[in-house]
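Read off the chains here:
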Amino acid sequence: MKRRTCFQRLRAGWFILLLVVVIVSGLLPRAEAADTVVLYFFWGDGCSYCEKEKEFLHELHQKYPQLDMRWFETWNHLELKEFADAIRKAYAVERASVPLTVLGDWTMIGFGSPAESGVQIEDQVLRCLEHGCDDALEKLGPHRLAAKIKADIASGKPDGWEWFQSSQAKKE
């Protein structure tokens, strides 16, 4: 009777382990890249930090045509302030301040500079493009203002807010 060497048993074990890993990895769900990333930006008329972020976001939109941006001025529009408050509540953001930026499950209050805050926003855009991100409206569930925004998007005519469409949305 032939005896298997320790090396042969180890090699067979590694082969079986590798086979199991290959089979299981094919069954696991994979994060899919996103065609479009939706960024929500809440700002106030006269807010200097908001103006800095607006400039940055315009440049970011040029760099990433897959970026769909929805901007809401909250200081002079009570309904949009209510929308911002609903988003804050859904994301457990305690401080009511602008600018507020929302991408997927990520939020940021304030804007320092493109080198600091801008890098954080761009990192989130890239993460969402690579792995996909949920639209913040979905986190609100059946909400009156979310329904209004969705209706505005469907009509292609935002009412009281600004929409910078992604290149994908423009094609549809």
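Small disclaimer: the values here were computed from a predicted structure and weren't measured.

**A short note on the overall build of the protein chain**
For the protein chain, the count of helices and strands is 7 helices and 5 strands. Starting at the N terminus and walking to the C terminus, you meet the elements of the protein chain as α-β-α-β-α-β-β-α-α-α-β-α. For the protein chain, buried positions account for 38% of its 172 residues. Considering only contacts within the protein chain whose residues lie at least 6 apart along the sequence, 67% involve residues at least 24 apart.

**Observations regarding the packing of aromatic side chains**
The description of an aromatic ring pair rests on the distance of the ring centres and on the angle between the ring planes. Enumeration according to the criterion identifies 10 aromatic pairs in this entry. Look at Trp-71 and Phe-164: their rings are 4.5 Å apart centre to centre, the planes differ by 50°, and that puts the pair in the tilted class. Of the two residues, Trp-71 sits in strand S2 (residues 67–73) while Phe-164 sits in strand S5 (residues 162–164), which places them 93 residues apart along the sequence. Taking relative accessible area as the criterion, Trp-71 reaches 1% and is therefore assigned buried. A centroid spacing of 6.3 Å and a plane angle of 40° characterise the contact between Trp-161 and Trp-163, whose relative ring orientation is tilted. Classification of Trp-163 as buried rests on a relative accessible area of 16%. Members of the aromatic cluster, joined through ring pairs, are Tyr-40, Phe-42, Phe-72, Phe-83, Trp-161 and Trp-163.

**Quick notes on the sheet that holds strand S1 (residues 37–43)**
In spatial order, the strands read S4-S3-S1-S2-S5; together these 5 strands make up an open sheet with mixed pairing. Edge positions in the sheet fall to strand S4 (106–109) and S5, since each has one partner strand and no second. Taken over all neighbouring pairs, the strand axes of this sheet differ in orientation by 15° on average, direction set aside. Sheet topology note: the S1/strand S3 (residues 100–103) ladder contains 4 bridges and is antiparallel. Within S3, the residue paired with Phe-42 across the bridge is Leu-100. Packed on one face of the sheet, helix H2 (residues 48–63) meets S1, S2, S3 and S5 and runs near 160° to S1.

**So, the nonpolar core**
In this structure, Leu-39, Leu-57, Leu-60, Leu-67, Leu-103, Ile-121 and Val-125 are the most contacted members of the largest nonpolar core, which totals 23 residues. Every element with two or more residues in this core is listed here: S1, H2, S2, S4 and helix H4 (114–131). Val-38, Phe-42, Phe-72 and Ala-136 belong to the second largest nonpolar core, which has 21 residues in total.

The rules behind these values
Position numbers for residues start from 1 in each chain and track the written sequence from start to end. Local features in a predicted model are, by the rule used here, given only for residues with pLDDT of at least 70; side-chain atom pairs are given and counted only at 80 or more, and totals for whole chains, interfaces and linings are based on all residues. To get the side-chain values, take all heavy atoms of the structure and skip hydrogens and water. A run of H or I in DSSP counts as a helix once it spans at least four residues, and a run of E counts as a strand once it spans at least two, with each numbered from the N terminus. Partly exposed residues are those whose accessible area sits between 20% and 50% of the maximum for their type, while under 20% is buried and over 50% is exposed, using a 1.4 Å probe and protein chains only. Throughout, a residue-residue contact means that at least one pair of heavy atoms, one from each residue, lies within 4.5 Å. Think of it this way: a Phe, Tyr or Trp ring, Trp meaning its six-membered ring, pairs with another when their centres are within 6.5 Å, and the plane angle makes it stacked under 30 degrees, edge-to-face over 60, tilted otherwise. DSSP-based pairing: two strands are paired if at least 2 bridges between them are found. Think of each axis as a best-fit line through the C-alpha atoms, taken over the contacting stretch in the case of a helix, with angles from 0 to 180 degrees between the N-to-C directions. Throughout, nonpolar core names a set of buried Ala, Val, Leu, Ile, Met, Phe, Trp, Tyr and Cys residues whose side chains join them through atoms within 4.5 Å.

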